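Next come the chains, spelled out residue by residue.
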Amino acid sequence: MNTKMRIGLIFLALLLLALIYQIHPWYYHGFWHETTFTAFGEGLAAQGLTEPFVFRFNGLEEGAVFTFGLPFYIFLGYATMLTGDAMLSLKLFEVLTLLLAFFAFYWLAVRQLKVSPPVAVLVSFLYLASALVYGQRWFGPQIYGFILLPFYVAAWVWYQERVCEPATTWRDYFAWTCLLVAVNCVNFFMIPYVFMIFMVFPLVAVIWQGGRTLRHGDIPWRRWWLLAGGFVLAFVIPVFLYQLYIPAAVDTGAYKLESVDYFRAQGVDLFSLIQPGKDLALYSWLGLARHWNPRAWFGDGSNVEFNFLGLTVIVAVVVCLVMVRQKARLLVVLSVAGLLTFLISLGPSLKIHDERAVDQARDTYTVDDYLMPPEAATLNLHTDFLYQSVPGINNMRAVHRWLLLTKFALLAMAAVAIQALWQRRRWLGILLAVLMLVELLPLQTFQVPDYPYLQWQKAKFQAELLEPLGRHLEAGDRVFFLSQDNDYLAPAMSVPFNIRTYNVSFDKTAALVYAKAPFVIQEMRRYHYVTDYTYRAMRAGLIHRLVIPFFSLRWESYSWPPPEDRCRKYREMNLGAVDVTDPRFKYVEEPYFGVLTLADPLPK
């Protein structure tokens, strides 16, 4: 590829990213995104990142830890120190990761899949379109996994080439292995469960290379053992460091992971692979998109939102299997790895449009919603042992996410198919690529978010909640927000006032924080009758104020203000957990919350 083509490629990529930067809400750019991530970035920047992995975020001197997304939060904090704007920092991170994905997939297509540069440009755009659809609203960290996947595959291929090179010295091997371990550590601390998916690819690659060495003597056995050793080190060291950092005994799930019924509920439903969702532009315009009702599916409903493979992708895969005789070695390894992750993503049962009766009266999920009895599935696969016993699989709550590597493999096959058509009838290759791009484009690419409405919500949130709350708080206070949900709004409610709180966003993070918290705080979090525990915590100086929300810290993170019926429900529920008339306390009530303090407060 000459210099002009490289410049043109960079120019095209930047044009695409400029478009995405301007109008595409890569995360779901809603109320929670704007308020919570702004709080994360500005809070980290204001308090400083004095330690690389343990942030004293919200002043949690006990050590609030983030169980995933560590590199992301580090970037967000430091970038916000420079830009002064957390949302701008988030956009910068989006652009950087998209650029990384584009060029990593391009490199793989040209170097390993033997695709010509023009076709590689087309398929790299296709990959980004698919990535933007996959998990674009509900599981933000998951899309980082999809975008970083081509980079990780490229890194492993580069490593394998050099380890198997006869001229490689021990010094070279040590340096490259250290680099691979560092890459894996970043991936693991970014998103642990995505790291486990990533590792299927090098595992298959090592086994495949061993088979070729046994049959054809491709490389000396000593080189293969070095390759296998590098894989083991790149897996064991990040896991070991993670276990040192986060206690393995902590239950990081809000639901019973030991129940195989959970994995059954969260597995892929085959119907969702061929039924387009509402986030695809083409099918929405044609009226063919499915507006999934999350309540109608076992699990939390996210396990059907973004599984659609793409009909044109399936056509391209068939073309690849039929027309391409000499398939690149990388493509074979990816195909085997993709097949394995597809089988894991199904869970212990085969589901084909297995819906359930919907209870319209409830607006929240219970533990029972996340469990699926065997008789409710189309066919049981009798693979329960995988999800109960195999490390790395037995603690991945949303097993449908194993489909990530499967989608990557399918797009790699599609790239080879487009190249095959390009060589025979160029217009056919271009036509297939254009059809795939049109089919995979997300609807929100063409929609400008309703920022005036979002700003109206933020203004209401400020006036109705933050300003009244600020009248009852002082900087440095230790505050506990009484909650039985995921405490998504905790950063947005605590960072502006520089208060300390045990409430942390995300269920995994909260589980770890509360595992390290004092006993009385753990008991308060279990949502017992908390009056005596609150008194003990206040007398011990662990907290200074108990804030009793009359809304959900989870559901109201999506929009504000809360509906009146939900306010009544949470007011009755939360006030029922604490005796605000107890003479040991002083109680003040505002429209959306109450504040409980000691009647005879201790000196700070």
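First things first, this report covers the structure right here in the doc. This one's a predicted model, so the numbers in the text were calculated from it and none came from an experiment. (Residues numbered from 1 in each chain as written. Predicted model: local features only at pLDDT ≥ 70, side-chain atom pairs only at ≥ 80, totals over all residues. Heavy atoms only, no water.)

1. A few points about the overall build of the protein chain
Helix and strand content of the protein chain: 24 helices and 9 strands. Counting all 604 residues of the protein chain, 58% fall into the buried class. Intrachain contacts of the protein chain at a sequence separation of at least 6 include 76% that bridge at least 24 residues. Total accessible area on the protein chain stands at roughly 25400 Å², and carbon and sulfur atoms take up 64% of it. (Helix = DSSP H or I, 4+ residues; strand = E, 2+ residues; numbered from the N terminus. Buried < 20%, exposed > 50% of the residue type's maximum accessible area, 1.4 Å probe, protein only. Contact = heavy atoms within 4.5 Å. Areas by Shrake-Rupley, 256 points an atom, 1.4 Å probe, with all protein chains shown as cover.)

2. Some thoughts on unusual backbone geometry
Cis rather than trans, the peptide bond between Trp560 and Pro561 has omega equal to 5°. In this fold, Pro561 is placed in the loop between strand S7 (545–549) and helix H24 (564–575). Phi at His382 is positive, roughly 55°, even though this residue is not glycine. Position of His382 among the secondary structure elements: in the loop between strand S4 (379–380) and helix H16 (384–389).

3. Quick notes on helix H7 (residues 170–190)
Taking 1.5 Å per residue, 21 residues should reach 30 Å; H7 reaches 30 Å between its end C-alpha atoms and fits that length. Among the residues of H7, those classed as buried are Tyr173, Trp176, Thr177, Leu180, Val181, Val183, Asn184, Cys185, Asn187, Phe188, Phe189 and Met190. (Expected span 1.5 Å × (residues − 1).)

4. A closer look at the sheet that holds strand S6 (residues 500–501)
Strand order in this open sheet of 5 strands is S6-S5-S7-S9-S8, and the pairing throughout is mixed. Strand pairing shows two members of the sheet lacking a second neighbour, S6 and strand S8 (585–590), which therefore form its edges. Here S7 pairs with strand S9 (residues 593–598) via 4 bridges, running antiparallel. Residue pairing across strands places Pro549 opposite Phe593, the latter belonging to S9. Sitting on the sheet, helix H23 (residues 531–539) touches S7, S8 and S9, and the angle it makes with S9 is about 55°. On the sheet, H24 packs against S7 and S8 and is oriented at approximately 145° with respect to S7. (Pairing = 2+ DSSP bridges. Axes fitted to C-alpha atoms, helices over the stretch in contact; angles between N-to-C directions.)

5. Topic: the pattern of salt bridges
According to the stated counting rule, one finds 14 salt bridges in the structure shown. Put simply, Glu161 and Arg162 hold a salt bridge, and the shortest N to O gap is 3.6 Å. Exposure remark for Glu161: the relative accessible area of 30% places this residue in the partly exposed category. One salt bridge in this structure joins Glu464 and Lys460, with 2.6 Å as the shortest N-O distance. Linking Glu464 with Lys460, this pair stays in helix H19 (residues 451–470), spanning 4 residues, or about one helical turn. Ionic contacts of the salt-bridge type, sharing partners, join the residues Arg111, Glu161 and Arg162 into one network. (Salt bridge = Lys/Arg side-chain N within 4 Å of Asp/Glu carboxyl O.)

6. Comments concerning the packing of aromatic side chains
If you walk through the whole model with that rule in mind, you get 22 aromatic pairs. A centroid spacing of 5.6 Å and a plane angle of 85° characterise the contact between Tyr283 and Phe308, whose relative ring orientation is edge-to-face. With Tyr283 in helix H13 (residues 281–286) and Phe308 in the loop between H13 and helix H14 (311–323), the pair connects residues that are 25 residues apart, well separated along the chain. Take Tyr283: its relative accessible area is 9%, and that puts it in the buried class. Ring-pair connections join several aromatic residues into one group, and the members of that group are Phe461, Phe551, Trp560 and Tyr592. When the ring centre of Phe298 is taken as origin, the NZ or CZ atom of Arg356, which lies over that ring, is 5.1 Å away. (Phe/Tyr/Trp six-rings, centres within 6.5 Å; stacked < 30°, edge-to-face > 60°. Lys NZ or Arg CZ within 6 Å of the ring centre and 35° of its normal.)

7. Overview of the pairing of S7
For S7, the buried fraction is high: 5 of the 5 residues fall into the buried class. Burial along S7 is two-sided: Arg545, Val547 and Pro549 and Leu546 and Ile548, pointing in opposite directions, are all buried. Two strands pair when backbone bridges link them, and strand S5 (residues 478–481) and S7 are joined in this way by 3 bridges, in the parallel orientation. By the bridge assignment, Val479 is partnered in S7 with Arg545.

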